[in-house]
Amino acid sequence: MTTTTSALAADLAPTGTLRASVNLGNPVLAQGTPDAPSGITVDLAREIGARLGLPVELLCFDAARKSFDAMAEGRADLCFLAVDPAREKEVAFTAPYVVIEGVYAVPRDSALTTVDEVDAPGVRIGVKRGSAYDLFLSRSLAHATVVRGEEGVDVFRAEGLEAGAGIRQPMTAYAAAHAEHVRLVEGRFMEIRQAVGTTVGRAPGTVAFLRDTVEELKANGFVADALRRAGQDPALVAP
């Protein structure tokens, strides 16, 4: 191990093990169980660990907010979260490695047909508490209100809300499985830029290493291959 690599490893993983926070609540990024996780974020964590000569510990959570908390509280060294201004106070992010879309589901007989129409007085939108789209909608909606739950579609259904928000891939599957009652609104209300992050207190060289590594892994096909292996669309790779 070179001195430079040794210094990076010591800064990023002071315990000697790279502790990576994995969000199993986002099926595009991670699949499997806490005992046997898989997917693009798991592959990225292991690749970063290999480059630094570090063993990797995967800390699995069922929601982005829990993954974020592990990072902010010092229980994790690395996270895989959507870039958001609220998180950037605690997390130094790379450029995104994957871009996914936030979409709305509505009752099949709803009068709402466009993303803009959803932001209207009296419209309640179910979201997963602490998710990227919760943070975005809470900040950007002018008229509609956010209703938080463990899953956006669950609170949408349980409380009879006017809309539910979520990630396109699982929302598409949900709408297909409940086609007699639910449909998706055409278009997206946001782009969700998924990136690698570490705490803002890391050395500038450590953050630069993560940023350079992500760009290399996008360029050399690693990210696309990892998505493909996980059964996800390789076209999701960020530019």
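Computed from a predicted model, the values in this text were never measured in an experiment.

**Remarks on the packing of helix 2 (residues 40-51) against helix 8 (residues 204-219)**
Contact geometry for helix 2 and helix 8: axes closest at 12 Å, N-to-C directions at 120°. Between helix 2 and helix 8, the crossing angle belongs to the class labelled oblique. In terms of crossing hand, the pair formed by helix 2 and helix 8 is right-handed. Where helix 2 approaches helix 8, its residues Leu44, Glu47, Ile48 and Arg51 are matched on the opposing element by Phe209, Leu210, Thr213, Glu216 and Leu217. Split by residue class, the contact of helix 2 with helix 8 holds five nonpolar, one polar and three charged.

**Quick look at the packing of aromatic side chains**
The geometry of an aromatic ring pair is captured by the separation of the ring centres together with the interplanar angle, meaning the angle of the planes. Counting across every chain of the model gives two aromatic pairs. Aromatic pair Tyr104 and Phe189: ring centres 4.4 Å apart, planes at 25°, arrangement stacked. In this pair, Tyr104 is assigned in strand 7 (residues 98-107) and Phe189 in the loop between strand 11 (182-184) and strand 12 (190-199), connecting sequence segments 85 residues apart. Comparing Tyr104 with Phe189, the two get one shared label, buried. Aromatic side chains Phe136 and Phe189 sit 6.4 Å apart centroid to centroid with 25° between the ring planes, which places their arrangement in the stacked category.

**Here's the deal with the environment of Arg124**
By the secondary structure assignment, Arg124 is in strand 8 (residues 124-128). Accessibility expressed as a relative area gives 30% for Arg124, which makes it partly exposed. In this structure the C-alpha to C-alpha distance between Arg124 and Thr145, which are 21 residues apart in sequence, comes to 4.9 Å. Every residue in contact with Arg124, bar those within four places of it in the chain, is listed here: Thr145, Val147, Glu159, Gly160, Leu161, Glu162 and Ala163. Here Gly160 takes part through its backbone oxygen, which lies 3.2 Å from a polar atom of the side chain of Arg124.

**Re helix 7 (residues 168-177)**
Looking at helix 7, one finds that the buried residues are Met171, Tyr174 and Ala175. For helix 7, the arc enclosing every buried residue in end-on projection is 95°, short of the 170-degree limit, so these residues lie on one face. Among the exposed residues of helix 7, those oriented more than 90 degrees off its buried face are Ala176 and Ala177. Lining the buried residues of helix 7 we find strand 7, helix 6 (152-158), strand 10 (163-167) and strand 11.

About the cut-offs
- Every residue gets a number counted from 1 within its own chain, in the order that chain's sequence is written.
- Predicted model: local features are reported for residues with pLDDT of at least 70 only, side-chain atom pairs are reported and counted for 80 or more only, and whole-chain, interface and lining totals are derived from all residues.
- Working from all heavy atoms in the structure, the side-chain values ignore hydrogens and water.
- All axes here are fitted lines through C-alpha atoms, helices being fitted over the stretch that makes contact, and every angle between N-to-C directions spans 0 to 180 degrees.
- Secondary structure follows DSSP: runs of H or I at least 4 residues long count as helices, runs of E at least 2 residues long count as strands, and numbering of each begins at the N terminus.
- With respect to orientation, any angle under 35 degrees is reported as roughly parallel, any angle over 145 as roughly antiparallel, any angle of 65 to 115 as roughly perpendicular, and every other angle as oblique.
- Put simply, a crossing is left-handed when the front helix is turned counterclockwise from the back one by less than a right angle, and right-handed when it is turned clockwise.
- In what follows, a contact means two residues having at least one pair of non-hydrogen atoms within 4.5 Å.
- Classes in brief: Ala, Val, Leu, Ile, Met, Phe, Trp, Tyr, Cys and Pro nonpolar; Asp, Glu, Lys and Arg charged; the others, Gly included, polar.
- Each Phe, Tyr or Trp ring (for Trp, its six-membered ring) is paired with any other whose centre lies within 6.5 Å, and the angle between the two planes then decides the class: stacked below 30 degrees, edge-to-face above 60, tilted in between.
- For every residue, the accessible area (1.4 Å probe, protein chains only) is compared with the maximum for its type, and the residue is labelled buried under 20%, exposed over 50%, or partly exposed between those bounds.
- Under the rule applied, a polar contact is a pair of N or O atoms within 3.5 Å (in protein, one hydrogen donor and one hydrogen acceptor; residues adjacent in sequence only if both atoms are side-chain atoms).
- Working note: the arc is built from the helix axis to C-beta atom directions.

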